[in-house]
Amino acid sequence: MVEALPIVGARAEENENAGGEVRDAGRRIDREAQDLLDVITNILDASKLEAGKVELRLEDVALAPIVSRCMQRCQGLVGAKAVSLEVDVPSDLPRLRVDVVKMQQVFTNLLANAIKFTDQGYVRVRARGAGQQFIAIEIEDTGVGIRDESLDRVWKPFEQDIQRPSRRPTGTGLGLPIVRSIVELHGGSIAIKSKLGVGTCVTFTLPREPRAKGAGAAASEVVLG
Ligand SMILES: Nc1ncnc2c1ncn2[C@@H]1O[C@H](COP(=O)(O)OP(=O)(O)OP(=O)(O)O)[C@@H](O)[C@H]1O
Ligand SMILES: [Mg+2]
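Residues numbered from 1 in each chain as written. Chains lettered and ligands numbered in written order. Predicted model: local features only at pLDDT ≥ 70, side-chain atom pairs only at ≥ 80, totals over all residues.

1. Focus on the site of ligand 1
This is how the line gets drawn: A residue counts as near a molecule or strand when its C-beta atom, positioned from the backbone, falls within 6 Å of it. A run of H or I in DSSP becomes a helix once it reaches four residues, and a run of E becomes a strand once it reaches two; helices and strands are each numbered from the N terminus. Polar here means any residue outside two lists: the nonpolar Ala, Val, Leu, Ile, Met, Phe, Trp, Tyr, Cys and Pro, and the charged Asp, Glu, Lys and Arg; Gly therefore counts as polar.
Within the structure, ligand 1 sits among 23 residues, and N113, F117, G171, G175 and L176 are positioned closest to it. Elements with a minimum of two residues in the shell around ligand 1: α4 (100–116) and α5 (175–185). The biggest single contributor to the shell around ligand 1 is α4, with 3 residues. Class assignment of the residues belonging to the shell around ligand 1 gives a composition of 9 nonpolar, 11 polar and 3 charged.

Have a look at this one:
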């Protein structure tokens, strides 16, 4: 949709071949261009989802490779923080019928949040069967957490850095609204639990088979044992 911005990443090789200050400036420009592209992509995605113009390309897939691909992509976001990325997705989990690209968007958004708001500890993805029809997935972190009375705000567009308002936010505040729309479009549901200073856990369900919109299990009631 936004291939019209070929400048992003195109100069990376030239940047790396240049020396000292030029290379650093080149890297900075490239990073900022990528951030800008992410903002534009988020705004377009949110508008399309809101307008009901997104069609899913459903495929029969295993969950584990999607999770590990997204974990690898997000590893760089950890930087120097003492945060380990952990996965607990059984290899014999039933296959899902999902749009793989959209699922990757869900996982990278949730992992990016968990990593962004965690200074130490872990970010863990777990998945289990939930009854005969659903898979429940949980992304848990040991980060800053969110106060109970502020939890509802996370689903509203453009709400950002709820627990750390003095920080200059990164991103657009559209990540969670987009994630929720995609999960619901698949027939699942999503919920968030959090404890200030302890961490946050986002749980969502996905049906094992394609189902009618609105037929999701209540993620708030799923407990991964
Ligand atoms: N794992 C988390 N721990 C603590 N707070 C969180 C977590 N996930 C989301 N939040 C809170 O919810 C807000 C909204 O999240 P959302 O993903 O929609 O936006 P964002 O991450 O700020 O920006 P974007 O996703 O567009 O890059 C966050 O800014 C943060 O205050
Ligand atoms: Mg986000």
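Moving on from the coordinates now.
2. Comments concerning the packing of helix α3 (residues 63–75) against α4
This is how the line gets drawn: Axis definition: a line fit to C-alpha positions, over the contact stretch in the case of helices; interaxial angles, taken between N-to-C directions, run 0 to 180 degrees. Angles are sorted into four bins: roughly parallel if under 35 degrees, roughly antiparallel if over 145, roughly perpendicular if 65 to 115, and oblique for all others. Here a crossing is taken to be left-handed if its near helix is turned anticlockwise relative to the far helix by less than a right angle, and right-handed if that turn runs clockwise. Residue pairs are scored as contacts if the distance between their C-beta atoms, which are placed from the backbone, is within 7 Å.
Following both chains from N to C, one finds α3 and α4 inclined at 45 degrees, their axes separated by 9 Å at the closest point. It follows from the interaxial angle that α3 and α4 lie oblique. Here α3 and α4 pass one another in a crossing that is right-handed. From α3, I66, V67, R69, C70, M71, R73 and C74 reach across to α4, where they touch V100, M103, Q104, F107, T108, L111, A112 and I115. When its residues are assigned to classes, the contact of α3 with α4 shows 11 nonpolar, 2 polar and 2 charged.

3. Here's the deal with the pairing of strand β3 (residues 96–99)
Going by this rule: Counting other C-beta atoms within 10 Å of its own, a residue is labelled buried from 20 upward, exposed at 12 or fewer, and partly exposed in the gap between, with every C-beta atom placed from the backbone. By definition, two strands form a pair when at least two bridges between them are found by DSSP.
By the alternation rule, side chains of β3 split into L96 and V98, which are all buried, and R97 and D99, of which none is buried. As paired elements, strand β1 (residues 58–61) and β3 share 4 bridges and run antiparallel to each other. Bridge pairing links L58 to D99 in β3.

4. Notes on the environment of P207
With respect to the helices and strands, the residue P207 is situated in strand β7 (residues 199–207). Once the C-alpha coordinates of P207 and L96 are considered, the two residues, 111 residues apart in sequence, prove to be 7.0 Å apart. What P207 contacts, discounting residues up to four positions off in sequence, is Q133, F134, H186, G187 and G188.

5. Concerning helix α2 (residues 20–50)
This is how the line gets drawn: Multiplying 1.5 Å by the residue count of a helix minus one yields the expected span of that helix.
For α2, with 31 residues, the first-to-last C-alpha span of 45 Å sits near the 45 Å given by 1.5 Å per residue. Two residues or fewer past α2, G52 is found with a positive phi of approximately 70 degrees.

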